[in-house]
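Coordinate inspection notes
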Amino acid sequence: MELNSLQTGSVRVLQLHGRFDAYETPKVTTWLDGNLRPENAQIVVNLKGVNFVDSTALSTLVQAMKRARQHQGDCKLCEVQQPVRIILELTRLDKAFEIFSDEATAMHSLSD
């Protein structure tokens, strides 16, 4: 899996490409450990390039959201592909996360 990140203002964006599974979650966890701080707890995870997630990946996303909220921030998802959206719906995580159709809208929702 490939990870790209950028920051615009106070919002950090993590762009993922490839399978997001148990083998790949340590990379994401390492990124979160290095980028999710009390002073910088606004995260957007762009899943445009992800067509598969497993339970470990879902757990990692939930942990990111919980950690961000502990620091008065939030974690939003964007550009979720249909196979991943189905998994989010089946697990009802689509109710826990705000999901945006594009990265700019997700970033704007956090910068208000």
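The structure reproduced in this document is the subject of the present report. (Residues numbered from 1 in each chain as written. Predicted model: local features only at pLDDT ≥ 70, side-chain atom pairs only at ≥ 80, totals over all residues. Heavy atoms only, no water.)

Moving on, we get to the packing of aromatic side chains. A ring pair, where both rings are aromatic, is described by two values, the distance of the centres and the angle of the planes. In the structure shown here, the tally under the stated rule is zero aromatic pairs. In this arrangement the basic side chain of Arg-19 is found over the ring face of Phe-52, its NZ or CZ atom lying 4.0 Å from the centre. (Phe/Tyr/Trp six-rings, centres within 6.5 Å; stacked < 30°, edge-to-face > 60°. Lys NZ or Arg CZ within 6 Å of the ring centre and 35° of its normal.)

Now for the pattern of salt bridges. Counted according to the given criterion, the structure contains seven salt bridges. Glu-98 is paired through a salt bridge with Lys-76; the nearest N and O atoms lie 2.4 Å apart. Separated by 22 residues along the polypeptide, Glu-98 in the loop between helix 3 (82–90) and strand 5 (99–100) and Lys-76 in strand 4 (residues 74–78) bring together distant segments of the chain. Taking relative accessible area as the criterion, Glu-98 reaches 41% and is therefore assigned partly exposed. Under the relative-accessibility criterion, Lys-76 is labelled buried at 6%. The salt bridge partner of Lys-95 is Asp-94, with a shortest N-O separation of 3.7 Å. By relative accessible area, Lys-95 is classed as exposed at 64%. (Salt bridge = Lys/Arg side-chain N within 4 Å of Asp/Glu carboxyl O. Helix = DSSP H or I, 4+ residues; strand = E, 2+ residues; numbered from the N terminus. Buried < 20%, exposed > 50% of the residue type's maximum accessible area, 1.4 Å probe, protein only.)

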